[in-house]
2 protein chains.
Amino acid sequence: MQSTMMDVPLSLNHLLERAGQLFAQNEIVSRLPDKSLRRHSFGAFYRRTRALASALRKLGLEKGDRVATLCWNHHAHLECYFGIPAAGGVMHTLNLRLSPDEIGWIAGDASDRFLVVDDVLLPLYRQFAHLHAFEKVIVFPFSGAAVPREFANYEALLDAADADAFEYAPHDENDPVAMCYTSGTTGRPKGVVYSHRSTVLHTLVASLGDFWGLRGTDVVLPVTPMFHANCWGMPYGAVMMGVKLVFPGPHLHPDDLLDLITQEPPTLALGVPTIWMGLIQTYDAAQGEASPNRGRWKLPHGMKSLVGGAAVPESLIRAFNKHGIWILQGWGMTETSPVCTISYPRAELRGADADERYRRAAMAGVPVPLVDLRVRGDDGTSQPWDGKSVGEIQVRGPFITGSYHEVPVAPDKFTADGWLRTGDVASVDSLGFVRITDRTKDLIKSGGEWISSVDLENAIMAHPAVAEAAVIAIPDEKWSERPLACVVLRPGREASPAELNAHLLKSGFAKWQAPERYEFIDAVPRTSTGKFWKVKLRERFPR
Amino acid sequence: MQSTMMDVPLSLNHLLERAGQLFAQNEIVSRLPDKSLRRHSFGAFYRRTRALASALRKLGLEKGDRVATLCWNHHAHLECYFGIPAAGGVMHTLNLRLSPDEIGWIAGDASDRFLVVDDVLLPLYRQFAHLHAFEKVIVFPFSGAAVPREFANYEALLDAADADAFEYAPHDENDPVAMCYTSGTTGRPKGVVYSHRSTVLHTLVASLGDFWGLRGTDVVLPVTPMFHANCWGMPYGAVMMGVKLVFPGPHLHPDDLLDLITQEPPTLALGVPTIWMGLIQTYDAAQGEASPNRGRWKLPHGMKSLVGGAAVPESLIRAFNKHGIWILQGWGMTETSPVCTISYPRAELRGADADERYRRAAMAGVPVPLVDLRVRGDDGTSQPWDGKSVGEIQVRGPFITGSYHEVPVAPDKFTADGWLRTGDVASVDSLGFVRITDRTKDLIKSGGEWISSVDLENAIMAHPAVAEAAVIAIPDEKWSERPLACVVLRPGREASPAELNAHLLKSGFAKWQAPERYEFIDAVPRTSTGKFWKVKLRERFPR
Ligand SMILES: Nc1ncnc2c1ncn2[C@@H]1O[C@H](COP(=O)(O)OP(=O)(O)OP(=O)(O)O)[C@@H](O)[C@H]1O
Ligand SMILES: Nc1ncnc2c1ncn2[C@@H]1O[C@H](COP(=O)(O)OP(=O)(O)OP(=O)(O)O)[C@@H](O)[C@H]1O
Ligand SMILES: [Mg+2]
Ligand SMILES: [Mg+2]
């Protein structure tokens, strides 16, 4: 027997059309380089996006061609999210925080044909222009300054295009729409290519009530860069549900974000832990009697904040909750679109006390629908979901990558039965809560036992004198490896290794797990997406 | 360029596995024939469902075979929703409110191989058993009575099965999982066959925040029969999000439902307008000083109620809202899985007054994601979304049927470019709100102008003396057709045709639109799914 259902492909074009029809009045706010706010309606977004698609086609864009973006978070970047695929192209977001050499290499690896770049980022572009020859460079006049003659002007292209006459190219749902490279925390970035199908499915799943819980009355502030795993997919969800969007542009300093939050209060914000850490410290400091910023900012009570990309310390969650803001932690990867697990208040925890709820919130959360997740031990068998047994997380699903762009599928990245090897080490408890204990590359093997660097870091960071801590393995003749803790102290505070180890023992660590060696450093080196960059620490402290 | 995403099919089996892993502790409550409540955990549901699948396979079920159900809403019916597809079968829900002849015809048309039937429904089964020979009849001992010897016992089959050893059959996402027949309001019921793909997509879309807004902390009461368009798809959503389910079993009398709601307060309930009309009348009557039921019931403040399947009168929405319950109206068809449009409080209406908000709530709502909707005039061109121009609604999307089971595709059901002709007449306004004015077959053409029977009915029902009103066309020599209003008066109330017409003129109708003829009847005949059965009225009042 056959199903009688229609064969209609999943398509981003459908979401764009829908937004144009239903949400024309809704607002998109962008912060410009001069810090003023620019307001667009979804109606304008719809017309401009179709104009962009039409213009790209006139420029000779062919199906599957890559169009790179080098942009901050703003309305024109959102237009690229939908306009490039509408024309049949593949949007490739370049990470403006990488070194010019890396950006150039990535543009070449992706064979990017066109580039859309913010005028304020032209100095960066010029540093890697010699590494990859784009056929056409389209400058978005974000600052309003005149666009240099040698480039195409984004606004002029849109003005000249006929949006009304534009017709979407027919496509298969497996056709590509976007491309993104991993952060390069553990090695050279690798390219992942998303399809209409994977993007629509991820959008539907992540938008569900317990996760993003998107509703048309929401106001969403994406601090996560739009070049970081497609801004976690939020732009697609926002357009699907017709929420109001508030884009911070290039202004990500805590003061700037707090100004923006005060002016355009969000109901939902998203970003990596570093951002929120800086923000809450600045906010709390401003409450002091003597602070010059006293009374300047207001955090919106009831706001939700999606935080992920790196472990979210429990202390951060508690600090925000004091102000009525609940942090939802997510775990995912560029490879996974990215949402794989989210920690949300489960019905089963209704009766739990506050400590228990914070403990869960500090975990990576439970797998979302359409994601199959298993944890494999060293011997290749699945670990029980007992909250103790650890192993490598492996995932499978329709929005998870099955290969990397132009990289042969290798057994260290994919299992023989087709699951993605995430390189993240975790345990899962009986309610399905995943707790990430490490990256496989960061695990410390001491005297035949594994020590979790993440557990040590979290415990050390809970000490009042510590601002940040990163733990790495150093070679040891007797134990094979031993932990070394790199610690950043809070301004004006002190703590000795002995004191920190006493604190660790009190927190439940065994003596052999505590690092006997500490290095006090000025700052933990971070990757372009705000993660601890342990590769750099290992270079600095090879033994 | 190719997407790098995995090729993983959408599957109900994934949702089942997920529920077993994450939600084992959650509860499913079923009301038994003796009115007692039976509690199951999702863990038990998971094991029993796999046991059912294993048992069906042992009985010789082969891929694509139809397994019919003739059951009330309860946990075992939910097991069929997932267990039959898990075994590779197609669940075919038989409508127990149809006549035995119709049920027998439908079972034959679907070539049902097995039947799962509630013991309390065996008398009904025996009335149509001669019309279709099921290979195996499996009786669910819902009442607890002994199962007659000639039938298989559902519980015994499950007990004998090895759930742990069960392995899902590999499948394509387009393979069928369920089948349902239309209500037969306008003619013989027609069969629609859903796939894994269509069901998962519909579940994701309908569960989104502005629509069902399902969260794990929800308690859902499905009053909508599980044989009516798959209970609007709610069982799939409930299992996906791990909500608590409360099934009313065979007890749908207002007193019974109010008892159940008081005992197990839902956060979300669903059913057709008739059910809620009876319920609110009973509840409001119980508030009277002299009522024997005073204090017996409590409506849960903040509950949402999904109502659809027929027009929802504004008066009903207002009546519930008085008690803090918000009604979300949906429009859809068996052919559309069924959710197509939902009326939810849009951000754009934030500033609107209460009247405006009620007016919108009484509309069918806006199209949900993945549904393309257009309104075609008599001349076949698309009507503008101006809130005035009417035409036939046509829809297209991955969970909308492209044909009927064993019926050749005909131009009165599907357009040449592959859209479903719904047979519903509507206008759409600039915000995308659909307002159903009629079925094509119920439109009244008077003097070359169309009169909406639904508009007349709603206006007449707003008169305080009127309980219900259904308007049909009668032939007229001069005007070709004229409206005839069939009116049910509230107990002890009176209203003359002249008075009702005066009321219509005050409500904004033109004189030529008002019916000069009224028939006062005892009850409006209803279809098996609670819709006005105008075919019957036309038989009774041919002129
Ligand atoms: N909530 C979280 N808790 C802990 N780690 C997280 C969390 N969310 C994400 N991560 C880490 O981020 C990784 C995914 O990051 P991303 O795709 O940006 O690139 P990367 O893994 O940092 O870089 P590369 O793969 O190039 O080395 C995950 O594999 C995980 O290690
Ligand atoms: N909110 C609503 N307002 C008005 N009408 C509705 C609403 N929801 C559903 N309907 C009506 O119900 C129809 C779908 O019902 P269903 O699929 O149960 O079978 P039917 O159309 O009544 O029967 P048949 O197709 O066999 O004649 C829609 O086409 C529409 O006419
Ligand atoms: Mg990685
Ligand atoms: Mg119909």
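Note that this is a predicted model, so its numbers are computed, not measured.

Rules and cut-offs
- Residues numbered from 1 in each chain as written.
- Chains lettered and ligands numbered in written order.
- Predicted model: local features only at pLDDT ≥ 70, side-chain atom pairs only at ≥ 80, totals over all residues.
- Heavy atoms only, no water.
- Pairing = 2+ DSSP bridges.
- Helix = DSSP H or I, 4+ residues; strand = E, 2+ residues; numbered from the N terminus.
- Contact = heavy atoms within 4.5 Å.
- Axes fitted to C-alpha atoms, helices over the stretch in contact; angles between N-to-C directions.
- Phe/Tyr/Trp six-rings, centres within 6.5 Å; stacked < 30°, edge-to-face > 60°.
- Lys NZ or Arg CZ within 6 Å of the ring centre and 35° of its normal.
- UniProt positions renumbered as here; feature names shortened; annotations may be inferred.
- Least-squares fit on C-alpha atoms with pLDDT ≥ 70 in both.
- Domains from an automatic or database assignment.
- Buried area = accessible area lost by both parts, 1.4 Å probe.
- Near = heavy atom within 4 Å.
- Polar contact = N/O pair within 3.5 Å; in protein donor to acceptor, adjacent residues only side chain to side chain.
- Nonpolar A, V, L, I, M, F, W, Y, C, P; charged D, E, K, R; others polar.
- Salt bridge = Lys/Arg side-chain N within 4 Å of Asp/Glu carboxyl O.
- Right-handed = clockwise from strand over helix to strand, strands pointing away.
- Parallel < 35°, antiparallel > 145°, perpendicular 65-115°, else oblique.
- Areas by Shrake-Rupley, 256 points an atom, 1.4 Å probe, with all protein chains shown as cover.
- Buried < 20%, exposed > 50% of the residue type's maximum accessible area, 1.4 Å probe, protein only.

Peer 1: Which residues make up the sheet that holds strand E5 (residues 114-118) of chain A, and what values go with them?
Peer 2: Residues and elements named next belong to chain A. Overall, mixed pairing links the seven strands, which are arranged E7-E6-E5-E3-E4-E8-E9 in an open sheet. Both edges of this open sheet fall to strand E7 (152-153) and strand E9 (191-195), since each of them pairs with a single strand only. Two strands pair when backbone bridges link them, and strand E6 (residues 136-140) and E7 are joined in this way by two bridges, in the parallel orientation. Within E7, the position partnered with Val139 by the bridge is Asn153. Against the sheet, helix H3 (residues 75-86) touches strand E3 (66-70), strand E4 (90-93), E5, E6 and strand E8 (176-181), its axis set at about 145° to E4.

Peer 1: Quick rundown of the packing of aromatic side chains? Include the residues and the values.
Peer 2: Any pair of aromatic rings gets described here by the distance separating the centres and the angle formed by the planes. Residues and elements named next belong to chain A. Per the stated rule, a full pass over the model turns up 34 aromatic pairs over all chains. Ring centres of Phe140 and Tyr154 lie 5.4 Å apart, and the angle between their planes is 80°; this geometry places the pair in the edge-to-face category. With Phe140 in strand E6 and Tyr154 in helix H6 (residues 154-160), this residue pair connects regions lying 14 residues apart in the sequence. Cluster of aromatic residues (ring-pair linked, three or more members): Phe23, Phe42, Phe45, Tyr81, Phe82 and Tyr236. The ring of Tyr404 has Lys190 lying over it, and the distance from NZ or CZ to the ring centre is 5.5 Å.

Peer 1: Just give me the short version of the UniProt feature "domain: AMP-binding enzyme C-terminal" (unreviewed entry) in chain A, but keep the residues and values in it.
Peer 2: As recorded in UniProt, the feature "domain: AMP-binding enzyme C-terminal" (unreviewed entry) lies at residues 456-531 of chain A. Segment residues 456-531 of chain A splits into 21% helix and 33% strand. End C-alpha atoms: 16 Å apart.

Peer 1: Would you mind going over the relation of the copies chain B and chain A in detail, with residue names and values included?
Peer 2: Mapping chain B onto chain A calls for a rotation angle of 180° and an axial translation of 0.0 Å; the resulting RMSD is 0.1 Å. As the rotation angle and translation indicate, the two copies are arranged about a two-fold axis.

Peer 1: Could you give an account of the domain arrangement of chain A, naming the residues involved and the relevant values?
Peer 2: All names here are of chain A. Parsing chain A into structural domains produces domain 1 (12-194), domain 2 (253-440) and domain 3 (443-540). The gap between the C-alpha centroids of domain 2 and domain 3 is 21 Å. Across the boundary between the two partners, domain 2 contributes 15 residues, which contact 13 residues of domain 3. Regarding the contact of domain 2 and domain 3, the summed buried area is about 1,100 Å², with carbon and sulfur atoms giving 46% of it.

Peer 1: Any details on the site of ligand 2? Residues and values, ideally.
Peer 2: Residue and element names in this part refer to chain B. The immediate surroundings of ligand 2 are formed by 21 residues, with Ser183, Gly184, Thr185, Thr186 and Asp424 found nearest. Within the side chain of Lys190, one N or O atom sits 3.5 Å away from an oxygen atom of ligand 2. One nitrogen or oxygen atom from the side chain of Lys531 is found 2.7 Å from an oxygen atom belonging to ligand 2. With four residues, strand E14 (residues 326-332) is the single largest residue contributor to the shell around ligand 2. Taken together, the residues that form the shell around ligand 2 break down as four nonpolar, 12 polar and five charged.

Peer 1: So what's going on with the pattern of salt bridges? Residues and values would help.
Peer 2: Per the stated rule, a full pass over the model turns up 66 salt bridges over all chains. For Arg39 of chain A, the salt bridge identified is with Glu264 of chain A, shortest N-O distance 2.4 Å. Of this pair, Arg39 of chain A sits in strand E2 (residues 37-41) while Glu264 of chain A sits in the loop between helix H9 (254-263) and strand E12 (268-271); the two residues are 225 residues apart in sequence, bridging distant segments of the chain. Across the pair Asp210 of chain A and Arg215 of chain B runs a salt bridge whose closest N-O atoms are separated by 3.3 Å. Separated into two different chains, Asp210 of chain A in the loop between helix H7 (196-207) and strand E10 (219-222) and Arg215 of chain B in the loop between helix H7 (196-206) and strand E10 (219-222) make up a pair that spans both.

Peer 1: Help me get a handle on the side chain of Thr185 of chain A, residues and values and all.
Peer 2: Examined against the element boundaries, Thr185 of chain A turns out to sit in the loop between E8 and E9. If sequence neighbours within four positions are ignored, Thr185 of chain A has contacts with Arg439, Thr527, Lys531, Phe532, Trp533 and Val535 of chain A.

Peer 1: Tell me about the pairing of strand E25 (residues 517-520) of chain B, and name the residues and values.
Peer 2: Each regular strand shows side chains that alternate between the opposite faces of the sheet. All names here are of chain B. Note that strand E24 (residues 480-489) and E25 share four bridges and pair parallel. By the bridge assignment, Val487 is partnered in E25 with Phe520. Taken together, E24, helix H14 (residues 497-506) and E25 form a β-α-β motif whose crossover is right-handed.

Peer 1: Quick one: what's the story with the packing of helix H9 (residues 254-263) of chain B against helix H10 (residues 273-286) of chain B, residue by residue and with numbers?
Peer 2: Residue and element names in this part refer to chain B. Close contact between H9 and H10 brings their axes to 9 Å; oriented N to C, the two are set at 75°. By the angle between their axes, H9 is roughly perpendicular relative to H10. Each of Pro254, Asp255, Leu257, Leu258 and Ile261 in H9 lies in contact with H10, whose residues at this interface are Ile275, Gly278, Leu279, Thr282 and Tyr283. In terms of residue class, the contact of H9 with H10 is built from seven nonpolar, two polar and one charged.

Peer 1: An account of the site of ligand 1 is requested, with residue identities and associated values reported.
Peer 2: Residues and elements named next belong to chain A. Around ligand 1 there are 21 residues in total, and Thr182, Ser183, Thr185, Thr186 and Asp424 lie nearest to it. At 2.5 Å, a side-chain N or O of Asp424 approaches an oxygen atom of ligand 1. About the coverage of ligand 1: the protein hides 95% of its 630 Å² of free accessible area. For the shell around ligand 1, the element with the highest residue contribution is strand E14 (residues 326-332), accounting for four residues. Considering only residue class, the shell around ligand 1 consists of four nonpolar, 12 polar and five charged. Counting residues domain by domain, the shell around ligand 1 receives three or more from each of domain 1 (12-194) and domain 2 (253-440).

Peer 1: Outline the pairing of E6 of chain A, supporting the account with residue identities and numerical values.
Peer 2: Residues and elements named next belong to chain A. The buried count for E6 comes to four of five residues, which makes it a mostly enclosed element. Two strands pair when backbone bridges link them, and E5 and E6 are joined in this way by five bridges, in the parallel orientation. Residue pairing across strands places Asp118 opposite Phe140, the latter belonging to E6.

Peer 1: So what's going on with the sheet that holds E10 of chain B? Residues and values would help.
Peer 2: Residue and element names in this part refer to chain B. Read across the sheet, nine strands follow the order E2-E1-E11-E10-E12-E13-E14-E15-E16 without closing on themselves; strand pairing throughout is mixed. Lying at the two open borders of the sheet, with one neighbouring strand each, are strand E2 (37-41) and strand E16 (366-367). Here strand E1 (residues 27-31) pairs with E2 via five bridges, running antiparallel. In the sheet register, Val29 faces E2, and the bridge partner there is Arg39. The strands touched by H10 are strand E12 (268-271) and strand E13 (304-308); relative to E13, the strand with the most contacts, the crossing angle is about 130°.

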